[in-house]
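Each chain is listed here by its residues.
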Amino acid sequence: MKQVTDEARRRLLRSAALGVALLPFAGLPLRAAIAADLPLVSADDPTAKALKYVSDASKASGAKPGSKCANCSNYQGAAGSAQGGCVLFPGKAVQATGWCSSWTART
Ligand code: SF4
């Protein structure tokens, strides 16, 4: 009987460990859906002005070729999304094609 109980305990602990390991990924689809509903950063946003944000990276002066929000480490949108959140613009979304002076390559 004790052997059965130990096995059940091991299974429970394995399941709990797997659940904890997967917890960070639990909200990803929800976060992506929420980001899609966020209002876009406007051109007159003070933070956007300070960071020289533009919705089209090709029109940014000083942008490294190929750099854009979609490949920035601060971008929170899902892969292939047209827009998504950015850690520098809480509660707002930026265009995947956008750029700002805080662009940092996603690694
Ligand atoms: S920090 Fe990155 S994702 Fe955010 S606006 Fe600037 S370039 Fe885009």
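Relevant structure appears above.
What you see is a predicted model; the values in this text were computed from it and never measured.

Caption draft 1: Focus on the nonpolar core. Counting residues in hydrophobic clusters, the biggest one holds 11 residues: V41, A48, L51, Y53, C69, Y75, C86, F89, V94, A96 and C100. For C86, the residues in contact, after removing those within four places along its chain, are N74, Q76, K92 and V94.

Caption draft 2: Looking closely at the pattern of salt bridges. For the structure shown, the criterion picks out two salt bridges. Linking D45 and K92 is a salt bridge whose minimum nitrogen-to-oxygen distance equals 2.6 Å. In this pair, D45 is assigned in the loop between helix 2 (28-37) and helix 3 (46-50) and K92 in the loop between strand 1 (83-85) and strand 2 (93-95), connecting sequence segments 47 residues apart. Overall, the relative accessible area of 7% leaves D45 in the buried class.

Caption draft 3: Region of the structure containing the site of the ligand. Residues in close proximity to the ligand include Y53, C69, C72, N74, Y75, C86, L88, F89, V94, C100 and W103, which together make up its full environment. Residues belonging to the shell around the ligand are distributed by class as follows: 10 nonpolar, one polar and no charged.

Caption draft 4: Spotlight on the side chain of S67. The topology assignment puts S67 in the loop between helix 3 and strand 1. Owing to a relative accessible area of 4%, S67 belongs among the buried residues under this scheme. Here W99 takes part through its side chain, which lies 3.2 Å from a polar atom of the side chain of S67. Discounting residues that sit within four places of it in the chain, S67 has contacts with A57, W99 and W103.

Caption draft 5: Here's a closer look at unusual backbone geometry. One non-glycine residue, K52, lies in the positive phi region at around 55°. For K52, the location among the structural elements is in the loop between helix 3 and strand 1.

Caption draft 6: How the structure looks around the side chain of N74. Looking at where N74 falls in the secondary structure, it is placed in the loop between helix 3 and strand 1. Exposure remark for N74: the relative accessible area of 17% places this residue in the buried category. With sequence-adjacent residues up to four places away left out, N74 is seen in contact with G85, C86, V87, L88, S102 and T104.

Caption draft 7: Local environment of the environment of A70. Here A70 lies in the loop between helix 3 and strand 1. Excluding residues that lie within four positions of it along the chain, A70 makes contacts with Y75, A96 and R106.

Definitions and limits used
Residues numbered from 1 in each chain as written. Predicted model: local features only at pLDDT ≥ 70, side-chain atom pairs only at ≥ 80, totals over all residues. Heavy atoms only, no water. Core = buried A, V, L, I, M, F, W, Y, C linked by side-chain atoms within 4.5 Å. Buried < 20%, exposed > 50% of the residue type's maximum accessible area, 1.4 Å probe, protein only. Contact = heavy atoms within 4.5 Å. Salt bridge = Lys/Arg side-chain N within 4 Å of Asp/Glu carboxyl O. Helix = DSSP H or I, 4+ residues; strand = E, 2+ residues; numbered from the N terminus. Near = heavy atom within 4 Å. Nonpolar A, V, L, I, M, F, W, Y, C, P; charged D, E, K, R; others polar. Polar contact = N/O pair within 3.5 Å; in protein donor to acceptor, adjacent residues only side chain to side chain.

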